[in-house]
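So you can see what is in the structure, the chains are spelled out below.
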Amino acid sequence: MQKIIVEREQGIVWATFNRPERRNAIDFDVMDELAALLAEVRQTREDKALVLTGAGDVFCSGGDLQLFHGLYTKEEAYPMLKKMGDILYELMTLPKPTIALLNGAAVGGGCEIAIACDYRFAASTAMVGFVQGHLAITTGWGGAAMLFEKLRHDQAMTFLCSAQRFGTKEAEQLGFVHEIFEGDVKLSCQKWIESMLSPRVEVLSAYKMAAVRGWNAAYLKERMDQEIKECAALWESPAHHAAVASFLHCKKV
Ligand SMILES: CC[C@H](C(=O)O)C(=O)SCCNC(=O)CCNC(=O)[C@H](O)C(C)(C)COP(=O)(O)OP(=O)(O)OC[C@H]1O[C@@H](n2cnc3c(N)ncnc32)[C@H](O)[C@@H]1OP(=O)(O)O
C-alpha cells in the first residue's frame, strides 16, 4: 500500500503523505518512497514543480514515535536520522520549485520537511511546531541548518528554542509561512502555481540551482550532518526516552 500518493497534473507533481491514522508520521517506507519520488522528479523533464501535502487534517507529525521509540542508543538512532536527513537534503536541493502545502499541523520532523521546500503555504487552521526541544532532542533531520538558511536568525531561533506550536498567522509573521489559504487549499495552491510558476521548467531549474550553489558554498550538507550527529547524541538521554514514553502512554490511556 502506498504511503505517499503521487498524482501528476499539467507538470505539477502532487505527493500526499498517506498515513492519517498516524497523523502522517514518517516511517522507513515513507522515507524510501520519498527518496524514489525525488529521484524520479529530478530526472523527469515534464515534472515542473513538486507539492508535498498530507492526507486528513495533519500535514506531518514527524518521525514515527511508535516505531522509533525502539531506537535507544545514538548508534541505533543515527542511521535513521541520517537516512531522512540525506533525503531532506535532496528535497532542499531538488532543481525544481517545491511547495509544502500545510493542510494541517506540521510538527517536529514535519516542520523539517516543510523547511526543505522552497515555499510553505498553510490552511488557516494549520499549526507549526519545532517541538523536538520538548522531547529533549534537537532537530534530527537537518532542519535547523535549513531554517537558519531561510529565515532571519531571530525568527529561526524563536521556532527552535521555544519548541512552541504556532498558528499560521504567527508562523507567517515569523517568515515560515508564505501564503495562508482558506477553504480548498489545493485549488488555491493550483491558482498560485499557474500565476507564479509560469516560465519553462529549464528557467525555473536554473534559478533554483543558483540557490543550491549558495547552499553548497556555505557547506549546508556538512552542517546538516553535524546537526544529525548532535541529535543522535541527545537521543540516548533518559530525558528523551521519558518524553517519548509519556507521549505514547498518554495516547493509550
Ligand atoms: C525522529 C525525530 C524527528 C526529528 O525531529 O528529527 C521527529 O519528528 S521527533 C517526533 C516529533 N513529533 C511529535 O512529537 C508529534 C506528536 N504528535 C502530535 O503532537 C499530535 O499527534 C498532532 C498534533 C500531530 C495531531 O494531534 P491529534 O489530536 O490530531 O492526533 P493524536 O495526537 O490523537 O494522534 C492520533 C494517533 O496518531 C498517533 N501519532 C501522532 N503523531 C505520531 C507520531 N509522530 N508518531 C507515531 N504516532 C503518532 C497517535 O499516537 C495516535 O495514535 P492512536 O493509536 O490512535 O492512539
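Structure first, text after, so check above.
Below or above, wherever it landed, is the structure these notes cover.

Rules used in this analysis
Each residue is numbered by its place in its chain's sequence as written, counting from 1. In keeping with the model being predicted, local features are shown solely for residues with a pLDDT of at least 70 and side-chain atom pairs are shown and tallied solely at 80 or more, while totals for entire chains, interfaces and linings include all residues. Hydrogens and waters are ignored; side-chain quantities use all the structure's heavy atoms. Every definition here rests on a 1 Å grid over the protein atoms only: cavities are sets of points where a 1.4 Å probe fits but cannot get out, pockets are open sets enclosed by protein on both sides within 12 Å along at least five of seven lines, and lining residues have some atom within 4 Å of a point. Grid points are joined across faces, edges and corners, and a volume is the space filled by probe spheres set on the points. Runs of H or I in DSSP of at least four residues are treated as helices and runs of E of at least two as strands, each being numbered from the N terminus. Three categories are distinguished: nonpolar for Ala, Val, Leu, Ile, Met, Phe, Trp, Tyr, Cys and Pro, charged for Asp, Glu, Lys and Arg, and polar for the others, with Gly belonging to the last. Burial status follows relative accessibility: with a 1.4 Å probe on protein chains alone, a residue under 20% of its type maximum counts as buried, one over 50% as exposed, and anything between as partly exposed. Two strands qualify as a pair provided that DSSP identifies no fewer than 2 bridges between them. Between 30 and 60 degrees the pair is tilted, below 30 it is stacked and above 60 it is edge-to-face, where a pair is any two Phe, Tyr or Trp rings, Trp via its six-membered ring, whose centres lie within 6.5 Å. When the NZ atom of lysine or the CZ atom of arginine is within 6 Å of a ring's centre and also within 35 degrees of its normal, the charge is said to sit over that ring. What qualifies as a polar contact is a pair of N or O atoms within 3.5 Å, subject to a donor-acceptor requirement within protein and to the restriction that residues adjacent in sequence count only when both atoms come from side chains. We call two residues in contact when some of their heavy atoms are within 4.5 Å. In this description, a nonpolar core means a group of buried Ala, Val, Leu, Ile, Met, Phe, Trp, Tyr and Cys residues linked to one another through side-chain atoms lying within 4.5 Å. Interaxial angle, 0 to 180 degrees, is taken between N-to-C directions of lines fitted to C-alpha atoms, where a helix line uses only the stretch in contact. Any angle that is under 35 degrees is reported as roughly parallel, and any over 145 degrees as roughly antiparallel; angles of 65 to 115 degrees are reported as roughly perpendicular and all others as oblique. For a crossing to be left-handed, the near helix must be turned anticlockwise from the far one by less than a right angle; the clockwise case is right-handed. The rule for a disulfide is simple: a pair of cysteine sulfur atoms within 2.5 Å. For this quantity, the arc is that covered by the directions from the helix axis to the C-beta atoms.

Attention shifts here to the layout of surface pockets. Estimates place the volume of the largest pocket at around 760 Å³. Along the walls of the largest pocket sit 37 residues, with Ser61, Gly62, Gly63, Leu65 and Phe247 positioned nearest its centre. If you list the elements that add at least two residues to the lining of the largest pocket, you get helix H2 (65-68), helix H3 (74-92), strand E6 (105-107), helix H4 (109-115) and helix H11 (238-252). Here the element with the most residues in the lining of the largest pocket is H11; it accounts for 6 residues. Among the residues forming the lining of the largest pocket, the class breakdown is 17 nonpolar, 12 polar and 8 charged.

The next thing to look at is the pairing of strand E7 (residues 119-123). Counting buried positions along E7 yields 4 of 5 residues, so the element is predominantly enclosed. Of the pairings in the sheet, the one linking E7 to strand E10 (residues 179-181) comprises 3 bridges and is parallel in character. By the bridge assignment, Ala122 is partnered in E10 with Ile180.

Attention now goes to the packing of aromatic side chains. This structure, assessed with the given rule, holds 10 aromatic pairs. Ring centres 4.7 Å apart and planes at 65° place the aromatic pair Phe121 and Trp192 in the edge-to-face group. Of this pair, Phe121 sits in strand E7 while Trp192 sits in helix H8 (residues 185-196); the two residues are 71 residues apart in sequence, bridging distant segments of the chain. Between Phe159 and Phe166 the ring centres are 5.1 Å apart and the planes differ by 75°, which places this aromatic pair in the edge-to-face class. You can call Phe159 buried: its relative accessible area is 0%. Cluster of aromatic residues (ring-pair linked, three or more members): Tyr119, Phe121, Phe181 and Trp192. Over the face of the ring belonging to Phe176 we find Arg120, whose NZ or CZ atom lies 5.0 Å from the ring centre. If you follow Lys186 out to its NZ or CZ, it ends over the ring of Trp14, 4.7 Å from the centre.

Next up on the list: the side chain of Thr139. Structurally, Thr139 can be placed in the loop between strand E8 (127-129) and helix H5 (143-150). One polar contact links the side chain of Thr139 to the main-chain amide nitrogen of Ala144, over a distance of 3.3 Å. If we skip the residues at most four places from it in the chain, Thr139 touches Glu112, Phe130, Gln132, Ala144, Leu160, Glu227 and Cys231.

Let us now look at the nonpolar core. Judged by nonpolar contacts, the single largest core of 67 residues is most densely connected at Leu52, Phe59, Leu102, Ile113, Phe159 and Phe176. The leading source of residues in this core is H3, at 9 residues. Every residue in contact with Ile113, bar those within four places of it in the chain, is listed here: Phe17, Ile26, Leu52, Phe59, Cys60, Met84, Leu88 and Leu91. In this structure, Ile12, Ala123, Val185 and Leu197 belong to the second largest nonpolar core, which totals 15 residues.

One can describe the packing of H5 onto helix H6 (residues 153-162) by two numbers: an axis separation of 8 Å at closest approach and a directional angle of 150°. Classed by the angle they form, the pair H5 and H6 counts as roughly antiparallel. The handedness of the crossing between H5 and H6 comes out as right-handed. Between H5, through Ala144, Leu147 and Phe148, and H6, the contact on the second element is made entirely by His153, Ala156, Met157, Phe159 and Leu160. Residues that form the contact of H5 with H6 fall into these classes: 7 nonpolar, 1 polar and no charged.

Attention shifts here to the state of the cysteines. This structure, assessed with the given rule, holds 0 disulfides. Of all cysteine sulfurs in the structure, the one in Cys60 sits closest to Cys111, which takes part in no disulfide; the separation is 8.9 Å. With relative accessibility at 0%, the residue Cys111 sits in the buried group.

A few words now on H6. Every buried residue of H6 is accounted for by Gln155, Ala156, Phe159 and Leu160. Projected onto a plane normal to the axis of H6, the buried residues spread over an arc of 125° and lie on a single side. Of the residues in H6, the exposed ones pointing more than 90 degrees away from the buried face are His153 and Cys161. Once H6 finishes, Ala163 follows within two positions and takes phi at roughly 55°, a positive value.

The strand order across the open sheet formed by 6 strands is E1-E2-E3-E5-E7-E10, and the pairing between neighbours is mixed. Both outer strands of the open sheet, strand E1 (4-9) and E10, are each paired with one neighbouring strand and no more. The sheet shows a mean angle of 20° between the axes of neighbouring strands, direction not considered. Sheet topology note: the strand E3 (residues 49-54)/strand E5 (residues 98-102) ladder contains 3 bridges and is parallel. Within E5, the residue paired with Leu50 across the bridge is Thr98. Helix-sheet contacts for H8 involve E1, strand E2 (12-17), E3, E5, E7 and E10, and the interaxial angle to E5 is about 155°.

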